[in-house]
Amino acid sequence: MNYLLHTLVMVMIYVVLAQSMNLQLGYAGLYNLGHVAFFGIGAYTSALIAMAGWPEELGMAVAMLVAGGCGALVAFPVLRLTGDFFGIATLAFAEMAYIFFLNERWLTNGPMGLPGIPRPQWIGQELTALPLYLLMALLLTVAAHLGLRRLVKSPFGRALKVVREDEQVARALGKNVLALKIKAVAVGTGLAGLAGALWAHYVTYISPADFTLQTTILILLCVVLGGKGSLHGPILGAIIVIFFQEGLRFLPIPADLNRFVAPIQGMVFGLALIVLMRKRPSGIWPEHRRKKN
Amino acid sequence: MYHLQFILNGLIAGSVYALFAVGLTMTYGIFRFINFAHGELIAWGAYGLLWFSGPLLGLPLIWAALPAIALTICIALAADKLVYAPLRHQDRITLLIASIGLSFFLRSLLQLVFGAELMTYGREAGRGWEIAGLYVTGVQAGMGITAVAFLAGLYLLLTRTLLGKALRAVSDNMELAGIMGLPMHRVNRTVWLLSALFAAVGGMLLGLDTSLDPFMGLANLVKAFAAVLLGGAGNVWGALLGGLFIGITENLSVAFIDPGYKDFVAFAVIIAMLLFRPQGIFALTRGEVR
């Protein structure tokens, strides 16, 4: 039962992450390969605020703002670049954030990480509080989803898709392409920060090793498996990927074979990305009127 | 003198980064996408050497290098045939995501076979020489010489042979080169072969100097990116100079900042380059940037 609850909390966190990446990748056509950095910034911000004795809810709100602010700050200069170069710049940013978490011991406690991150008061610290935490995660995820839904169905969302398809057309229509992209990245990274805060207060221990490219690739898989640019696709993708990942813990695997589990999982994820790109690049729940190119 | 030693170390490290970067920039120049799996070719080259020199064949290191290089080239050619060639006419996001998937797959396979721990070739640390106050180890000297030999070979290939001419033509304008009747399949194969060869050799040299771990490919891929950007994407000689530059700045930075931030330098170079000079510092002409 507890395993199921745990898996569901993880699903919620990855739904938020996948949706936040989808806003950038699927709607605006920007591949942020440093998504995990904003997840990490959110996690550390919220954890540090809560550990300093402030309310956890405040920490989560500030985490969103800080992550979104960092996102906008990174986006502003590098968005002049298109395509692959935006990906490399964000990848480099994520590696820099990782090195920062690792080296600034006074702030992040370095490689030892931050233990004992409190959960919100009304939930309590015991293991029995899991259902309540799931409820909070669910509410926040639904709120994030509804917010995003409103956003992408608004004129803003339609303009973003025009930017994705052809920037020249967007410009000709009088849209400020740079402003549109920065807003997309700021909202997306802000939501990643929220996911980070949710995660930090859930696992109660974070360390720099949690925020590597592996996580970005996992989020990417959720998005492209579900269908990039589709509103519900990434939710489905996150559910499948996380149930597959966490479900492996139930299999009766002998202890001496345990070390093979993670690499095989990685191979399956990598292979899934390749097969998806070859056979079904639009995912299992594709965006409706996706033109064939 | 103190700083000169760092510069020398940087030159040697940089010549290895240059080996990675020329391969990456060649595939970019021809196929117009960033091959994320290039880092895994580096790691597979290094682990191949470990495998063939250790439990599998027990060959001496120098002979084990040959099958290790052959293995890496086979991986690159198979990747082209199974992943990249069928996707060549898709959009760039599709190709990029596929190469990320491939890199994740190859890295996990490496972890499955060899485990995640640090490994070495089990050589004893050789004694070095002191020349004019500068200290060089045997491995370092070997690294420098090998890198220079391979890069000189590449220079001769590109400038003195018909195949090299074809390579440069395709990198300039693929469609036009195709219309002129250049054998595109052969050119494509050669590019993968060269980039895998250089990645494998660089990976082995790096493994000899430090140690091997499954993530070594990823870490060095980012440095190769930085070198490629410095040189201007697609520019082979630029990538070479870029690699040297990254090596030197990185090693010299240790004299001024916390060594924990050594890797920060390459990333900072990437961001600065992308912001201020996306066409590259060493680009002779204003290249097309997309």
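Predicted, not measured: the structure shown is a model, and the values here were computed from it.

Reading guide: rules and limits
- Residues numbered from 1 in each chain as written.
- Chains lettered and ligands numbered in written order.
- Predicted model: local features only at pLDDT ≥ 70, side-chain atom pairs only at ≥ 80, totals over all residues.
- Helix = DSSP H or I, 4+ residues; strand = E, 2+ residues; numbered from the N terminus.
- Rg over C-alpha atoms; globule rule 2.2 N^0.38 Å.
- Buried ≥ 20, exposed ≤ 12 C-beta atoms within 10 Å, placed from the backbone.
- Core = buried A, V, L, I, M, F, W, Y, C linked by C-beta atoms within 7 Å.
- Expected span 1.5 Å × (residues − 1).
- Bend = angle between axes of the 7 residues up to and from the residue.
- Axes fitted to C-alpha atoms, helices over the stretch in contact; angles between N-to-C directions.
- Parallel < 35°, antiparallel > 145°, perpendicular 65-115°, else oblique.
- Left-handed = near helix turned anticlockwise from the far one by under 90°.
- Contact = placed C-beta atoms within 7 Å.
- Nonpolar A, V, L, I, M, F, W, Y, C, P; charged D, E, K, R; others polar.

Novice: Go over the overall build of chain B with me, naming the residues and quoting the values.
Specialist: The helix and strand inventory of chain B stands at 11 helices and 2 strands. Reading the helices (α) and strands (β) of chain B from amino to carboxyl end gives α-α-α-α-β-β-α-α-α-α-α-α-α. Over its C-alpha atoms chain B spans a radius of gyration of 19 Å, differing by no more than 12% from the 19 Å that the globule rule assigns to 290 residues. Dimensions along the principal axes, computed over C-alpha positions, put chain B at roughly 55 × 45 × 35 Å. Here chain B, with 290 residues, has 49% of them falling under the buried criterion.

Novice: Help me get a handle on unusual backbone geometry, residues and values and all.
Specialist: Phi is mostly negative for residues that are not glycine, and the peptide bonds are mostly trans. We note that A:T204 has phi near 60°; this positive angle belongs to a residue other than glycine. Along the chain, A:T204 falls in the loop between α9 (177–203) and α10 (213–226).

Novice: Give me the lowdown on the nonpolar core, citing residues and values where you can.
Specialist: In this structure, A:I13, A:Y14, A:L273 and B:I270 are the most contacted members of the largest nonpolar core, which totals 193 residues. Examining the composition of this core, we find that 15 residues originate from one element, helix α1 (residues 2–27) of chain A, more than from any other.

Novice: Lay out helix α2 (residues 38–53) of chain B in plain terms, naming residues and giving numbers.
Specialist: With 16 residues, α2(B) should cover 22 Å at 1.5 Å per step; its first-to-last C-alpha distance of 23 Å lies within 8% of that length. Among the 16 residues in α2(B), 15 count as buried, and that is most of the element.

Novice: So what's going on with α1(A)? Which residues, and what values?
Specialist: All names here are of chain A. Between the first and last C-alpha of α1 there are 36 Å, a value that for 26 residues agrees with the 38 Å anticipated at 1.5 Å per step. Maximal helix bending in α1 amounts to about 30°, located at M21. Counting buried positions over the 26 residues of α1 gives 20, a clear majority of the element.

Novice: Tell me what's going on with the packing of helix α10 (residues 236–253) of chain B against helix α11 (residues 264–276) of chain B, and back it up with residues and numbers.
Specialist: Each pair of packed helices can be described by the angle between their axes along with the distance between the axes. Residue and element names in this part refer to chain B. α11 packs onto α10 with a crossing angle of 130° between their chain directions and a minimal axis gap of 9 Å. Regarding the angle of α10 to α11, the classification is oblique. Here α10 runs over α11; the crossing is right-handed. Mapping the contact onto sequence places I246, T249, E250 and S253 in α10 and V265, A266 and V269 in α11. Looking at side-chain class alone, the contact of α10 with α11 contains 4 nonpolar, 2 polar and 1 charged residues.

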